[in-house]
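If you want the building blocks of each chain, they are given just below.
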Amino acid sequence: MEKAFHYAREALENQEVPVGCIFVYNSEILAVGRNEVNETKNATRHAELVCVDQVVEYSKAHSLSSSSVFQQVDVFVTVEPCIMCAAALYQLKVRSVTFGCKNDRFGGSTVLDVAKILNPTTAITGGYRAEEAMDLLKQFYKGQNPNAPPSKVKKK
Amino acid sequence: MSNPKRLKLDDSVPTQTMVSVLSDDLVEDTPLIDVYVDSIEDPKNISKAIIQLNSCLPILELTHLKRIKGRNILLCPINKICLGDVQSFLEANKFDTSILKNDIRIISVAKIPPKTRRQYEKVNKHWPCNFHSDKYVEKLATNTLFSSDELIKHIQFMRMAIAVANRKEIDGNEKNIGVVVVDPKINSVVSVGYSEELINPSMHAGMVAIRNVAKTQLNSSDSEQNLAGLPKDILLLLRNSFSDVSFGARPFKCKTDLEEPCDGPYLCTGYYVYITHEPCIMCAMAFIHSRTRFSPRIERVDCGAPPGERFLVFQARIYGARASDLQFQSPRVTTPAGIVGFRQDGYILHLPVDHSGLRARHLALKRKGRLRVSFGVKWILSRDFCKLRC
Ligand SMILES: [Zn+2]
Ligand SMILES: [Zn+2]
């Protein structure tokens, strides 16, 4: 989990939403990621999906089927996966997800209970070092997201 | 999915058959509530009765209702007082009951304000009520949101999505799902999406479409029409079959280079998405993260089940800024929500939109001084959602 926080801090330094994530497979860290939305101009490049791509690469390099690798992956992420990522992780059938603070805006359990819809095999637990993760988010949102355009509604 | 079923959009289907798919609260009749009413002997006493009643028996939950209908006066919901006690309650509260006929009856009236004109007209017959028409909702409810020109465009882009799904080059084991992303400002196809799940199980067609949009913004070429979001073979295919459509994204500019920052492409802001299948939760949320304006979809309806019921009507509902949302001040503002659809014989297209409700909510919160952050999105999903294929 400390590793996950490391990447969250790195995201913050790079003016990205500070979410860090690691995927553990056979007690080894298989993938590490942080949000890359702004630098890739792709709103789906959340830390979790960045890690997913690394697992795919790893599986290919080791001639493994990625779907069987995913089923033995444990995910550690500083913030509750959003609806999109929760759905992705459940669809990939990762073994477990452990997260830090809740995600009140887009959370895949808090805002919409994705698990209720997808009936996943994945075990999900939260609240681990939640305050620390929340502090990082607060730091980020204190400054404006530099890449987002000013809101139209606010302008009026 | 070897030997995938071919998708098609019937040329002969008249555009007028497209139907909005609305949330239940707009489709169903306004819920009713039982209330006591009495009549007034002398019409001269009507205003006196209203004034007295409003002070001794105000009904805060039914302020959308008029107090009077002809000579009949609305007393209160029946759950407040027993029928036998109404008279004595009024007297105890200094209401001059002599002006009433003392002919208390129970009738059903609108429990909440009607949301559409149709609901209003129905419920207004029970008892007169106030109605504030929302133009946008009304267009949805009456299927007049799009002009026939717009409908033709939507259908054309949907055909294109189907062409992407059906293209021959596709690996037979890959799902045949097609996505077309359009910049409506320049009426041009920005990117396409197709399943790459065999390579990467998370690369659904929707995710590929979004990634391809990102390509147009990363390779900032100076050319007027950036084609980075369109693989060459697909571009060729589409150009051959849709000769009158333009392709390519507007040149991407950094925020600092823009005179009108709201204008510049940012993620997929304002783009329209046409997708042949209902997006799964991941892809649907990915579109919302990407701020697409709306995404119609098309899907075959199996015979047997009534079309309206077989389809998800997933709907992003907005809830205002709660205390917890205020913890961080996000610069983000609106997220598309709601849903419209089309129904054409065997097909339905959905467009998640809803600017009206959102805007109303936004303004209401702003007025109260409570709005400092964006909205969260709450998804209300039908049972069918989990069965979808994207
Ligand atoms: Zn996410
Ligand atoms: Zn999907």
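Bear in mind that the values here come from a model prediction, so they are computed numbers and not experimental data.

> Quick one: what's the story with the overall build of chain B, residue by residue and with numbers?
On a plain count of helices and strands, chain B comes out with eleven helices and 13 strands. Per-residue burial over chain B gives 51% buried out of 390 residues. Within chain B, contacts between residues at least 6 apart in sequence are counted, and of these 67% link residues at least 24 apart. Summing over all exposed atoms, chain B offers an accessible surface of approximately 18200 Å²; the carbon and sulfur share of this is 51%.

> Before we move on, could you go through the overall build of chain A and cite the residues and values that matter?
Secondary structure assignment for chain A yields eight helices and five strands. Each helix (α) and strand (β) of chain A, taken in turn from the N terminus, gives the series α-β-β-α-α-α-β-α-β-α-β-α-α. For chain A, the computed accessible surface area is about 6700 Å², with 48% contributed by carbon and sulfur atoms.

> Can you explain the nonpolar core? Please cite residues and give values.
The tendency in soluble globular proteins is for nonpolar side chains to be buried as a group. Ranked by internal contacts, the top residues of the largest apolar core, which has 88 residues, are Phe23(A), Val180(B) and Val189(B). Per-element accounting of this core gives the leading share, eight residues, to helix H5 (residues 83-91) of chain A. Setting aside its immediate chain neighbours within four residues, Val189(B) contacts Phe157(B), Met160(B), Val180(B), Val181(B), Val182(B), Leu230(B), Val245(B), Ser246(B), Phe247(B) and Gly248(B). Of all hydrophobic cores here, the second largest spans 17 residues; its members include Ile40(B), Ile46(B), Val86(B) and Leu100(B).

> Tell me about the pattern of salt bridges, and please be specific about residues and values.
Two side chains that carry opposite charge are able to pair once their charged atoms sit near each other. Residue and element names in this part refer to chain B. Using the criterion set out here, one finds ten salt bridges over all chains in the structure. A salt bridge links aspartate 103 to arginine 105, with the shortest nitrogen-to-oxygen separation between them at 3.5 Å. In this structure aspartate 103 comes out as partly exposed when scored by relative accessible area, which is 36%. Note on arginine 105: relative accessible area 30%, which makes it partly exposed. The network of salt bridges with shared partners includes Asp29, Arg118 and Lys122.

> So, the packing of helix H6 (residues 148-166) of chain B against helix H8 (residues 232-241) of chain B: which residues are in play, and what are the values?
All names here are of chain B. Viewed as axis vectors pointing N to C, H6 and H8 meet at an angle of 130 degrees, and their least axial separation amounts to 11 Å. What the angle tells us is that H6 and H8 run oblique. Remark: the crossing between H6 and H8 carries right-handed chirality. Seen from H6, the contacting residues are Met160, Ala163 and Val164; seen from H8, they are Ile234, Leu237 and Leu238.

> Kindly report on the coordination of the zinc ion (ligand 1), identifying the contributing residues and their values.
Residues and elements named next belong to chain A. For the zinc ion (ligand 1), the full set of protein donor atoms is His46 (ND1), Cys82 (SG) and Cys85 (SG), and the range of their distances to it is 2.0 to 2.4 Å. Going along the chain, you hit the donors of the zinc ion (ligand 1) in the pattern H-x35-C-x2-C. Here histidine 46, found in the loop between helix H2 (37-40) and helix H3 (47-61), pairs with cysteine 82, found in the loop between strand E3 (73-79) and H5; they are 36 residues apart in sequence, far enough to count as distant. Histidine 46 gets classed as buried once you look at its relative accessible area, which sits at 12%.

> Let's hear about the packing of aromatic side chains: which residues, and what values?
Two aromatic rings are characterised by how far apart their centres lie and by the angle between their planes. Residue and element names in this part refer to chain A. Scanning the entire structure with this criterion turns up two aromatic pairs over all chains. Relative to tyrosine 58, the ring of tyrosine 25 lies with its centre 6.0 Å away and its plane at 75 degrees, an arrangement referred to as edge-to-face. Here tyrosine 25 is found in strand E1 (residues 20-25), whereas its partner tyrosine 58 is found in helix H3, with 33 residues between them in sequence. Residue class for tyrosine 25 comes out buried when judged on its relative accessible area of 9%. Note on tyrosine 58: relative accessible area 25%, which makes it partly exposed.

> For the environment of Asp104(A), give the residues involved together with the corresponding values.
Relative to the assigned elements, Asp104(A) resides in the loop between strand E4 (96-101) and helix H6 (114-118). C-alpha of Asp104(A) to C-alpha of Glu80(A): the two residues are 24 residues apart in sequence and 8.9 Å apart in space.

> If you had to explain the sheet that holds strand E5 (residues 123-125) of chain A to someone new, which residues and values would you point to?
Remark on secondary structure: sheet strands pair via backbone hydrogen bonds, oriented parallel or antiparallel. Residue and element names in this part refer to chain A. Read across the sheet, five strands follow the order E2-E1-E3-E4-E5 without closing on themselves; strand pairing throughout is mixed. If you trace the sheet from one side to the other, it starts and ends with strand E2 (28-34) and E5, each paired once. For this sheet, the mean inter-axis angle between neighbouring strands, taken without regard to orientation, is 15 degrees. The sheet contacts of helix H7 (residues 130-142) involve E3 and E4, and relative to E4 the element is tilted by about 65 degrees.

> Account for the side chain of Asn200(B), naming residues and giving values.
Among the secondary structure elements, Asn200(B) is positioned in the loop between strand E6 (188-194) and helix H7 (205-218). A residue is classified by how much of its surface remains accessible, and Asn200(B), at 8% relative accessible area, is buried. Setting aside anything within four residues of it in sequence, one finds Asn200(B) in contact with Val52(A), Asp53(A) and Val56(A).

> Can you explain the sheet that holds strand E4 (residues 105-110) of chain B? Please cite residues and give values.
All names here are of chain B. Ordered in space as E2-E3-E1-E4, the four strands form an open sheet in which the pairing is antiparallel. In this open sheet, the two strands that pair with only one neighbour each are strand E2 (68-69) and E4. Across six bridges, strand E1 (residues 32-39) lies against E4 in antiparallel orientation. Bridge assignment links tyrosine 36 to a residue of E4, and that residue is isoleucine 106. The strands touched by helix H2 (residues 46-56) within the sheet are E2 and strand E3 (72-77), with E3 carrying the most contacts at an inclination of about 10 degrees.

> An account of the pairing of strand E8 (residues 272-275) of chain B is needed here, citing residue identities and associated values.
Residues and elements named next belong to chain B. Burial along E8 is two-sided: the residues Tyr272 and Tyr274 and Val273 and Ile275 are all buried. In terms of strand pairing, strand E5 (residues 178-183) meets E8 through four bridges, oriented antiparallel. For valine 180, the partnering residue across the bridge sits in E8 and is tyrosine 274.

> Explain the confidence of the model for chain B to me, using residue names and the numbers behind them.
All names here are of chain B. Across chain B, the average pLDDT comes to 68, with 60% of residues at or above 70. Mean pLDDT per element in chain B: strand E13 (residues 376-380) is the minimum at 24, and E4 is the maximum at 95. This model gives residues 7-17 a pLDDT under 50, and the stretch forms 23 contacts once residues within four places in sequence are excluded. Note on residues 258-264: pLDDT under 50 across the span, and eleven contacts to partners over four residues away in sequence or across chains.

> Go over a nonpolar patch on the surface with me, naming the residues and quoting the values.
Residues and elements named next belong to chain B. A contiguous nonpolar patch, built from Ile78, Leu83 and Ile106 and spanning about 240 Å² of accessible area, is present on the exposed surface. Within the secondary structure, leucine 83 sits in the loop between E3 and helix H3 (86-92). Judged by relative accessible area, leucine 83 falls into the partly exposed class, the value being 44%.

Criteria and thresholds
- Residues numbered from 1 in each chain as written.
- Chains lettered and ligands numbered in written order.
- Predicted model: local features only at pLDDT ≥ 70, side-chain atom pairs only at ≥ 80, totals over all residues.
- Heavy atoms only, no water.
- Helix = DSSP H or I, 4+ residues; strand = E, 2+ residues; numbered from the N terminus.
- Buried < 20%, exposed > 50% of the residue type's maximum accessible area, 1.4 Å probe, protein only.
- Contact = heavy atoms within 4.5 Å.
- Areas by Shrake-Rupley, 256 points an atom, 1.4 Å probe, with all protein chains shown as cover.
- Core = buried A, V, L, I, M, F, W, Y, C linked by side-chain atoms within 4.5 Å.
- Salt bridge = Lys/Arg side-chain N within 4 Å of Asp/Glu carboxyl O.
- Axes fitted to C-alpha atoms, helices over the stretch in contact; angles between N-to-C directions.
- Parallel < 35°, antiparallel > 145°, perpendicular 65-115°, else oblique.
- Left-handed = near helix turned anticlockwise from the far one by under 90°.
- Donors = N, O, S within 2.8 Å, 3.2 Å for Na, K, Ca; no water.
- Phe/Tyr/Trp six-rings, centres within 6.5 Å; stacked < 30°, edge-to-face > 60°.
- Pairing = 2+ DSSP bridges.
- pLDDT = per-residue confidence, 0-100.
- Patch = residues over 30% accessible without salt bridge, like charges linked within 9 Å, V, L, I, M, F, W, Y side chains within 5 Å.

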